[in-house]
Amino acid sequence: MTLVATTSPGFARHGSVPGRLERTGWDFVRCADSALSDGGLGNYLAEVDYLVAGLFPVTGETLTAAPRLKGVLKHGVGVDSIDISACTAAGIPVMNTPGANANAVAELAVGMMLSFARNIATGHASVTSGGWNRAAGTEIAGKTLGIVGLGAIGKLLAVKAQALGMEVVASDLYPDHAFMAENGIALEDLGSLLGRADFVSLHVFGGKDNAALIGKPQLERMKPGACLLNLARGEVVDTDALAEALNDGRIAGAAIDAYVSEPPDTSHPIFSAPRVTFTPHTGADTIESIERVGLMNIEDIETLIAGGRPVRCLNPEVFDR
């Protein structure tokens, strides 16, 4: 019997995915206990055939303890928590679900900008505490959005922002020049973008290459009235420097959906800084997005079982051995 394990709290929870999974006839176990370093997966590694990975790390040690493992499938896009090199050495294919949650993340970024511009969070707190603080907000139409990382999410966000009347500029190491030309998006280096944008939205991968991509020097380049949005990975922003910049009034606000450790340590100064909105890494958490991701995961497992090569495989060289 095929055993599929997941460390994702969302896999097979919504839409047609639970029924689709049940019809496969596979055994299934969820290991998503946030109090455990591996979610509880260690109890099943000896028997697991396919792993649908959430945010818990998949390491070389994980693979060594899983002799039957035939595939690692990311429930989402970012694979910085998966040691792909170790998987490749072990002959295990790694898949993700590119584009499946892009619209969900882009919509949350729009919501965060509107919340900041119109004081939605502070207005709510004022009314529920018995106050009536009618603080004047601002309109995002006519403002400049700087998108750092113009991939699937960044492109959708760009189009949505333009529909709301925003000017969009972008920074990307491998820019899609055709898309940018078609949509009138200027390519900027990171420093120029930070100095120009009223909102800066981060949509890059995590990992050591992007650690502290936004630190004290970058924050000092931003406009005093600007707002920083991190819907990428926690390590992309130096939160010590961000808390200092917010407390000093160097920038006007921030919205954070990703953290270095999750749940985060709320004793950190960022959680008492002014004008910050926090969400619990819910960028991809829409019913529609979770359904799309889960169906892709199941499709790829079925392809592997049938002896095929999933088109979303990130290390296809494992099939050429």
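Preceding block: the structure.
Residues numbered from 1 in each chain as written. Predicted model: local features only at pLDDT ≥ 70, side-chain atom pairs only at ≥ 80, totals over all residues. Heavy atoms only, no water.

A. Local environment of the pairing of strand β1 (residues 3-6). Because side chains alternate across β1, one face comprises the buried residues Leu3 and Ala5, and the other comprises Val4 and Thr6, equally buried. What joins β1 to strand β2 (residues 27-30) is helix α1 (residues 17-24), and the crossover it makes is right-handed. Here β1 runs beside strand β3 (residues 50-53); their pairing, made up of three bridges, is parallel. Residue pairing across strands places Ala5 opposite Leu51, the latter belonging to β3. (Buried < 20%, exposed > 50% of the residue type's maximum accessible area, 1.4 Å probe, protein only. Helix = DSSP H or I, 4+ residues; strand = E, 2+ residues; numbered from the N terminus. Right-handed = clockwise from strand over helix to strand, strands pointing away. Pairing = 2+ DSSP bridges.)

B. Quick look at the pairing of strand β11 (residues 253-256). Side chains Gly253 and Ala255 of β11 all project onto a buried face; the interleaved residues Ala254 and Ile256 project onto the opposite face, where all are buried too. With helix α10 (residues 239-247) bridging strand β10 (residues 227-230) and its parallel neighbour β11, the resulting β-α-β unit is right-handed. By the bridge criterion, three bridges tie β11 to strand β12 (residues 276-278) in an arrangement that is parallel. Each residue of the ladder has a partner; that of Ala254, found in β12, is Val276.

C. Up close: the environment of Ile84. Residue position: Ile84 is located in helix α3 (residues 84-89). Residue Ile84 is classed as partly exposed on the basis of its relative accessible area of 24%.

D. Examining the nonpolar core more closely. Counting residues in hydrophobic clusters, the biggest one holds 29 residues, and the most contacted among them are Val200, Leu202, Leu219, Leu228 and Leu242. Where this core is concerned, the elements lending two or more residues are α8 (190-196), β9 (199-202), α10 and β11. Of all the elements, α10 adds the most residues to this core, at five residues. Beyond its immediate sequence surroundings of up to four residues, Leu242 is in contact with Leu219, Leu228, Val237, Ile251, Ala254, Ile256 and Ile270. (Core = buried A, V, L, I, M, F, W, Y, C linked by side-chain atoms within 4.5 Å. Contact = heavy atoms within 4.5 Å.)

E. Examining the sheet that holds strand β6 (residues 144-148) more closely. Judged by pairing direction, the sheet is parallel, and its seven strands sit side by side in the order β8-β7-β6-β9-β10-β11-β12 without closing on themselves. On the outer flanks of this sheet lie β8 (186-187) and β12, each paired with one strand and no other. Relative to β8, strand β7 (residues 167-171) is paired through two bridges, and the arrangement is parallel. When the bridges of β8 are listed, Val169 appears paired with Ala186.

F. How the structure looks around the packing of aromatic side chains. Under the counting rule described, the total for this entry stands at four aromatic pairs. An angle of 20 degrees between the planes, with centres 6.3 Å apart, marks the rings of Tyr259 and Phe271 as stacked. Of this pair, Tyr259 sits in the loop between β11 and β12 while Phe271 sits in the loop between β11 and β12, and the two are twelve residues apart along the sequence. Note on Phe271: relative accessible area 24%, which makes it partly exposed. (Phe/Tyr/Trp six-rings, centres within 6.5 Å; stacked < 30°, edge-to-face > 60°.)

G. Representation of the sheet that holds β1 in the model. Across the sheet, five strands lie side by side as β2-β1-β3-β4-β5; this open sheet has parallel pairing. Strands at the two margins of the open sheet, each flanked by one partner only, are β2 and β5 (94-95).

H. Representation of the pattern of salt bridges within the structure. Here the structure, examined in full by the defined rule, presents 13 salt bridges. Of the charged contacts, one joins Arg233 and Asp80 as a salt bridge, the two residues approaching to 3.2 Å between their closest N and O atoms. Separated by 153 residues along the polypeptide, Arg233 in the loop between β10 and α10 and Asp80 in the loop between β4 (71-74) and α3 bring together distant segments of the chain. Between Asp198 and Lys223 there is a salt bridge, with its nearest N and O atoms 2.7 Å apart. (Salt bridge = Lys/Arg side-chain N within 4 Å of Asp/Glu carboxyl O.)

I. Representation of the packing of α1 against helix α11 (residues 287-305). Across the interface, α1 lies against α11 with an axial gap of 9 Å and an inter-helix angle of 15 degrees. If you check the angle between α1 and α11, you find them roughly parallel. In this structure, α1 meets α11 at a crossing whose hand is left-handed. Across from Val17, Arg20, Leu21 and Thr24 in α1, the residues of α11 making contact are Ile290, Glu291, Gly294, Leu295, Ile298 and Glu302. Of the residues in the contact of α1 with α11, the class split is five nonpolar, two polar and three charged. (Axes fitted to C-alpha atoms, helices over the stretch in contact; angles between N-to-C directions. Parallel < 35°, antiparallel > 145°, perpendicular 65-115°, else oblique. Left-handed = near helix turned anticlockwise from the far one by under 90°. Nonpolar A, V, L, I, M, F, W, Y, C, P; charged D, E, K, R; others polar.)

J. Broad picture of unusual backbone geometry. The omega torsion across Glu262 and Pro263 is -5 degrees, close enough to zero to call that bond cis. Its place among the elements puts Pro263 in the loop between β11 and β12. In this structure, Arg275 takes a positive phi of about 60 degrees despite not being glycine. Within the fold, Arg275 resides in the loop between β11 and β12. Backbone geometry places His281, a non-glycine residue, at a positive phi of 50 degrees.

K. Representation of the packing of helix α4 (residues 102-117) against helix α6 (residues 152-163). Where α4 contacts α6, the axes come no closer than 8 Å and their chain directions differ by 45 degrees. What the angle tells us is that α4 and α6 run oblique. Seen from above, α4 lies across α6 with right-handed handedness. Across from Ala102, Asn103, Val105, Ala106, Glu107, Ala109, Val110 and Met113 in α4, the residues of α6 making contact are Ala152, Ile153, Leu156, Leu157 and Lys160. Residue composition of the contact of α4 with α6, grouped by class: ten nonpolar, one polar and two charged.

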